[in-house]
Amino acid sequence: MGRVALVTGGTRGIGAAISIALKDAGYTVAANYAGNDEAAAKFTKETGISTFKWSVAEYDACADGIAKVESDLGPVEVLVNNAGITRDAPFHKMSPQQWKEVIDTNLTGVFNMTHPLWPGMRERKFGRIINISSINGQKGQFGQVNYSSAKAGDLGFTKALAQEGARAGITVNAVCPGYIGTDMVMAVPEKVREAIIGQIPVGRLGAPEEIARSVVFLASDDAGFITGSTISANGGQYFA
Ligand code: CAA
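Within every chain, residues take consecutive numbers counted from 1 along the sequence as written. In view of the model being predicted, local features appear only for residues whose pLDDT reaches at least 70, and side-chain atom pairs are presented and counted only at 80 or more, with totals across whole chains, interfaces and linings using the full set of residues. The basis for the side-chain values is all heavy atoms of the structure; hydrogens and waters are excluded.

### Focus: the site of the ligand
Piece 1. Near is defined per residue: the residue qualifies when any heavy atom it owns lies within 4 Å of the molecule or strand. Around the ligand, 19 residues are found, and the nearest of them are D88, K93, S134, Y147 and Y179.
Piece 2. Polar contact is defined as a pair of N or O atoms within 3.5 Å, subject to the rule that within protein one atom must be able to donate a hydrogen and the other to accept it, and that residues adjacent in sequence are counted only when both atoms are side-chain atoms. Between the ligand and Q141, the relevant distance is 3.4 Å, taken from an oxygen atom to a side-chain nitrogen or oxygen of the residue.
Piece 3. Between Y179 and the ligand, the recorded distance is 2.8 Å, taken from a side-chain N or O atom to an oxygen atom.
Piece 4. Here the Shrake-Rupley method, with its probe set to 1.4 Å, supplies the accessible areas, and only the displayed protein chains count as covering residues. Computed on the free molecule, the ligand has an accessible area of 1,100 Å², of which 56% lies beneath the protein chains in the complex.
Piece 5. Each helix is a run of H or I in the DSSP string that is no shorter than four residues. Each strand is a run of E no shorter than two, and both are numbered from the N terminus. Every element with two or more residues in the shell around the ligand is listed here: α7 (183–186) and α8 (190–197).
Piece 6. Classes in brief: Ala, Val, Leu, Ile, Met, Phe, Trp, Tyr, Cys and Pro nonpolar; Asp, Glu, Lys and Arg charged; the others, Gly included, polar. Across the shell around the ligand, the residue classes break down as 10 nonpolar, 7 polar and 2 charged.

### Some remarks on the sheet that holds strand β7 (residues 230–233)
Piece 1. Ordered in space as β3-β2-β1-β4-β5-β6-β7, the 7 strands form an open sheet in which the pairing is parallel. The sheet is open, and its two edges are formed by β3 (50–53) and β7, each paired on a single side. Sheet twist, expressed as the average angle between the axes of neighbouring strands with direction ignored, equals 20 degrees.
Piece 2. Contacts are assigned to residue pairs with any non-hydrogen atoms lying within 4.5 Å of each other. Working convention: axes come from line fits to C-alpha atoms, limited for helices to the stretch in contact. Angles between N-to-C directions cover 0 to 180 degrees. Across the face of the sheet, helix α1 (residues 13–24) comes into contact with β1 (4–7), β2 (28–33), β4 (76–81), β5 (127–132) and β6 (170–177) while running at roughly 175 degrees to β1.
Piece 3. Most of the contacts of helix α4 (residues 96–124) go to β4, to which it runs at about 160 degrees, and overall it touches β1, β4, β5 and β6. One requirement defines pairing of two strands: DSSP has to find at least two bridges between them.

### Some words on helix α6 (residues 145–165)
Piece 1. Over its 21 residues, α6 extends 30 Å from the first C-alpha to the last, a length consistent with the 30 Å expected when each residue adds 1.5 Å.
Piece 2. Those residues of α6 that are buried lie in contact with α4, β5, α5 (135–139), β6, α7 and β7. Helix span is expected to be 1.5 Å times the residue number reduced by one.

### Some thoughts on the pairing of β2
Piece 1. Burial analysis of β2 places 6 of its 6 residues in the buried class, the great majority of the element.
Piece 2. For each residue, the accessible area found with a 1.4 Å probe, counting protein chains only, is set against the maximum for its type, and the residue is called buried under 20%, exposed over 50%, and partly exposed in between. The two faces of β2 match: T28, A30 and N32 on one face and V29, A31 and Y33 on the other face are all buried.
Piece 3. Here β1 pairs with β2 via 4 bridges, running parallel. By the bridge assignment, A5 is partnered in β2 with V29.
Piece 4. With 4 bridges connecting them, β2 and β3 associate as parallel partners. Bridged to N32 within β3 is F52.
Piece 5. A crossover gets the label right-handed when its path from the first strand over the helix to the second runs clockwise, viewed with the strands pointing away from the viewer. What joins β2 to β3 is helix α2 (residues 37–47), and the crossover it makes is right-handed.

Everything listed here is a matter of geometry and, on its own, says nothing about what the molecule does.
Shown next, in the form of structure tokens:
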């Protein structure tokens, strides 16, 4: 049995690719998901990866869910904070609810998941936290004041916590995907999406597996000197 890795939003999109890549690299993987039971059941059937349902937006649910994962599989040594949602709207049309949902999941969710795991990682003197931020947290995006704020917040979280974890053998890093061919990007109106693809120098959307490989690297022992860093994987669309 390899180290235990917990991937939030780990049954679909980029998260599913990360779960599978970590499993292939020898980790025992737990994939968290919030709502889509059908996708989770299909994912387990296809991959053999265990799934666990709770919302990262709720602190107590995270603490309880993590306790369940640890009693089933053992201490979590790798945490991938991947779960994320969009509620896109131009700012003048953005409701407080659209703001709150995105901040609660994409930013507070990272706190909610990391905080209960932190004492165990400190005690064991080993941990890997990998936060999936976004190109839009680096550059901002029309229609995504909520999402860009949360994802930029994830980068601040990464850099601050990296300093606290360094002496305890815990690394904290971020990956900023650009536009990847997932349901989230396919939900962008086609005309807008085509315009965005036109701004990507490699001329295509990324594949989820191209993000997953960066995560496997950051989780590895070889990456022990890398902390507080951001890997940008965006086809050349933006150089942070
Ligand atoms: N820059 C400047 N102006 C823009 C613009 C842009 N990027 N995008 C739209 N506009 C303008 C439009 O041209 C339009 O102007 P006119 O009224 O003068 O024609 C005006 O803004 C309104 O545009 P829409 O008709 O599209 O307005 P809407 O309310 O129907 O939709 C929107 C607005 C929801 C923001 C829509 O444009 C949209 O979905 N944009 C894509 C946002 C995006 O990139 N989301 C990323 C999702 S994927 C993801 O988040 C993953 C990741 O990490 C990368």
